[in-house]
Amino acid sequence: QVQLVESGGGLVQAGGSLRLSCVDSGGSFSGRVMGWFRQAPGKERELVATISRSGGFKDYADSVKGRFTISRDNAKNTVYLQMNSLKPEDTAVYYCAARRISQGISTDSALYDYWGQGTQVTVSS
C-alpha cells in the first residue's frame, strides 16, 4: 500500500526558500514517477514539477522554472521540492503524488494514483 507523507511546509517571506519532502512508505518507490502539485484557494490543482523513475528527466510548470528544483533519493524513498525565490503567488497547499509502477512521466494530475495529505506553503509579501 502506497502511503505518501509530505513535510517541510510553512510560512516564509517573499524571496525566501523552503524544501518540501515526501516519503513513500509503501515500497517500490524507484519504480514510480513522482510529482508535486499545488492548489490555491478557489483555483484548480496544478502541476508544479514531475520527475522520472531514475531522476534523469524532470518537467516544471513555467511559473516555477528557474526557482524550483525537484529531486529524488531512491535509497530513501523520498522526493524533494526545493523552492527558492518564493513569491506570494506560490501560496498553496502542496501535494506529493505517485503514479503506478512503470507508468510514464505525466503532467496530468488525473493520471496520478496516489496522493499525500498536502502541506501548506504560505508566502508573505
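In what follows, the structure referred to is the one given above.
Notes on the structure follow. (Residues numbered from 1 in each chain as written. Predicted model: local features only at pLDDT ≥ 70, side-chain atom pairs only at ≥ 80, totals over all residues. Heavy atoms only, no water.)

### A closer look at the packing of aromatic side chains
Keep this limit in mind: Aromatic contacts are taken between Phe, Tyr and Trp rings whose centres are within 6.5 Å, Trp giving its six-membered ring; a plane angle under 30 degrees counts as stacked, one over 60 as edge-to-face, and the others as tilted. Numbering of helices and strands runs from the N terminus, with a helix taken as a DSSP run of H or I at least four residues long and a strand as a DSSP run of E at least two residues long. Criterion for a charge above a ring: Arg CZ or Lys NZ at most 6 Å from the ring centre, at most 35 degrees from the ring normal.
Overall, the coordinates contain four aromatic pairs when judged by the stated rule. Relative to Trp 115, the ring of Tyr 95 lies with its centre 6.4 Å away and its plane at 80 degrees, an arrangement referred to as edge-to-face. Of this pair, Tyr 95 sits in strand 9 (residues 92–98) while Trp 115 sits in strand 10 (residues 114–115), placing them 20 residues apart in sequence. An aromatic cluster is defined as three or more aromatic residues linked by ring pairs; in this entry it consists of Phe 37, Tyr 95, Tyr 112 and Trp 115. Note that Arg 45 overlies the ring of Tyr 95, its terminal NZ or CZ placed 4.0 Å from the centroid. Sitting over the face of the ring of Trp 115, Arg 45 holds its NZ or CZ atom 4.5 Å from the ring centroid.

### Structural notes on the pairing of strand 9
For clarity, the cut-off: Burial classes follow relative accessibility: with a 1.4 Å probe on protein chains only, a residue under 20% of its type's maximum area counts as buried, one over 50% as exposed, and anything between as partly exposed. Two strands qualify as a pair provided DSSP detects at least 2 bridges between them.
Most of strand 9 is tucked away: six of the seven residues are buried. Here strand 4 (residues 34–39) pairs with strand 9 via six bridges, running antiparallel. Residue pairing across strands places Trp 36 opposite Cys 96, the latter belonging to strand 9. Both strand 9 and strand 11 (residues 119–124) contribute to a ladder of three bridges, which runs antiparallel. If you follow Ala 92 over to strand 11, its bridge partner there is Val 121. Bridge count between strand 9 and strand 10: two bridges; the pairing is antiparallel. Following the sheet pairing, Ala 97 is matched in strand 10 by Trp 115.

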